[in-house]
Amino acid sequence: KTGSGSFMKTAEKSRELAEWMVEIGKRAGKKIRALITDMDRPLGFAIGNSLEVVEAIETLQGKGPADLTELCIALAAHILELAEKGSYAECKAMAKDAIESGTALKTFARMVTAQGGDGEWILHPENFPKAKYSHAVKAKTSGYIVSVDTESYGVASLLLGAGRNTKEDTIDAAAGIMLLKKTGDFVQEGDAIATLYSEKQTGFAAAEERLLKTTKIESKPPQKQPLILDVVE
């Protein structure tokens, strides 16, 4: 990943890391490649523990966000191609079929069960905990969302209880953010751009301020960027 929401903030540093990782894999006798992907914009709509798991389940059901679905299919296709299951196009078709047939979701449920979890939750995501409180974040001006600081979005979710400031902190599994508008979308002043979730209302003000401060809205739309920037092998 490369961009504001990733460990490597620039494409140059991300490529350097990818090349080192690929080289290490090759020296270990492994077939390996790395995808450099854009993290200057959120992937999917969910930020937070249960929210993201439910979004992953929806993606395996074929109902997930377009960008998350695109990346999941691409990663699966590259892995299948490295495993010599066919050409990249054939492997991409296999990945899509796994979603459409329901095989991907059932396999995920079996993986959870094999690791001591309850696979029924994967098949019935309505069981996941829901936050006691919610709060709508509304745009202060009209225009296109041209950029966001995805790291700050993550910090905003932490302020709601979705992460830890110290190792002693308790994580609120239901806390987090559901984005309603993303980079490239047009918004009117007063439109809800996100919904905040938490078991406490005390973090809403700080999380909203962080979100609005790091969401840049301008009159002209941003230039479209591909999700997958490069492949290193």
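The following refers to the structure shown. (Residues numbered from 1 in each chain as written. Predicted model: local features only at pLDDT ≥ 70, side-chain atom pairs only at ≥ 80, totals over all residues. Heavy atoms only, no water.)

### Observations concerning the sheet that holds strand β7 (residues 192-198)
Right, so step 1: With antiparallel pairing, four strands are arranged side by side in an open sheet as β2-β5-β7-β3. Each edge of the open sheet is held by one strand with a lone partner, namely β2 (46-47) and β3 (133-138).
Right, so step 2: Taken together, the six bridges between β3 and β7 define a ladder with antiparallel strand orientation. Paired with Y133 across the strands is S198, a residue of β7.
Right, so step 3: The strands touched by helix α7 (residues 150-159) within the sheet are β2 and β5 (176-179), with β5 carrying the most contacts at an inclination of about 130°. (Pairing = 2+ DSSP bridges. Helix = DSSP H or I, 4+ residues; strand = E, 2+ residues; numbered from the N terminus. Contact = heavy atoms within 4.5 Å. Axes fitted to C-alpha atoms, helices over the stretch in contact; angles between N-to-C directions.)

### Side note on the environment of K130
Right, so step 1: For K130, the position within the fold is in the loop between α6 (120-123) and β3.
Right, so step 2: Along the chain, K130 and T215 lie 85 residues apart, while their C-alpha atoms are 26 Å from each other.
Right, so step 3: With near-sequence residues (within four places) excluded, K130 lies in contact with A174 and E199.
Right, so step 4: For K130, the side chain forms a polar contact with the main-chain oxygen of E126, separated by 3.2 Å. (Polar contact = N/O pair within 3.5 Å; in protein donor to acceptor, adjacent residues only side chain to side chain.)

### Notes on the environment of S6
Right, so step 1: Here S6 shows up in the segment before α1 (11-27).
Right, so step 2: A relative accessible area of 8% means that S6 is categorised as buried.
Right, so step 3: Distance from S6 to D40, taken between C-alpha atoms, is 8.1 Å for residues 34 residues apart in sequence.
Right, so step 4: If sequence neighbours within four positions are ignored, S6 has contacts with K1 and M39.
Right, so step 5: For S6, the side chain forms a polar contact with the main-chain oxygen of K1, separated by 3.5 Å. (Buried < 20%, exposed > 50% of the residue type's maximum accessible area, 1.4 Å probe, protein only.)

### Brief notes about the sheet that holds strand β6 (residues 186-187)
Right, so step 1: Strands sit in the order β6-β4-β8 across an open sheet of three strands; the sheet is antiparallel. Single-partner strands in this sheet number two, and they are β6 and β8 (215-218).
Right, so step 2: Strand direction decides the pairing type here: strand β4 (residues 143-148) and β6, joined by two bridges, are antiparallel. Counterpart to G143 in the pairing with β6 is V187.

### Some thoughts on the nonpolar core
Right, so step 1: In terms of nonpolar packing, the biggest core is built from 19 residues, with L160, I177, A194, L196 and L211 touching the most fellow members.
Right, so step 2: Those elements that provide at least two residues to this core are β4, α7, β5, β7 and α8 (204-213).
Right, so step 3: Ignoring sequence-local partners within four residues, the contact set of L160 consists of D172, A175, G176, I177, L196, Y197, S198, G203, F204 and A207.
Right, so step 4: If you look at the next biggest cluster of nonpolar residues, it comprises seven residues, including V54, L105, A109 and F128. (Core = buried A, V, L, I, M, F, W, Y, C linked by side-chain atoms within 4.5 Å.)

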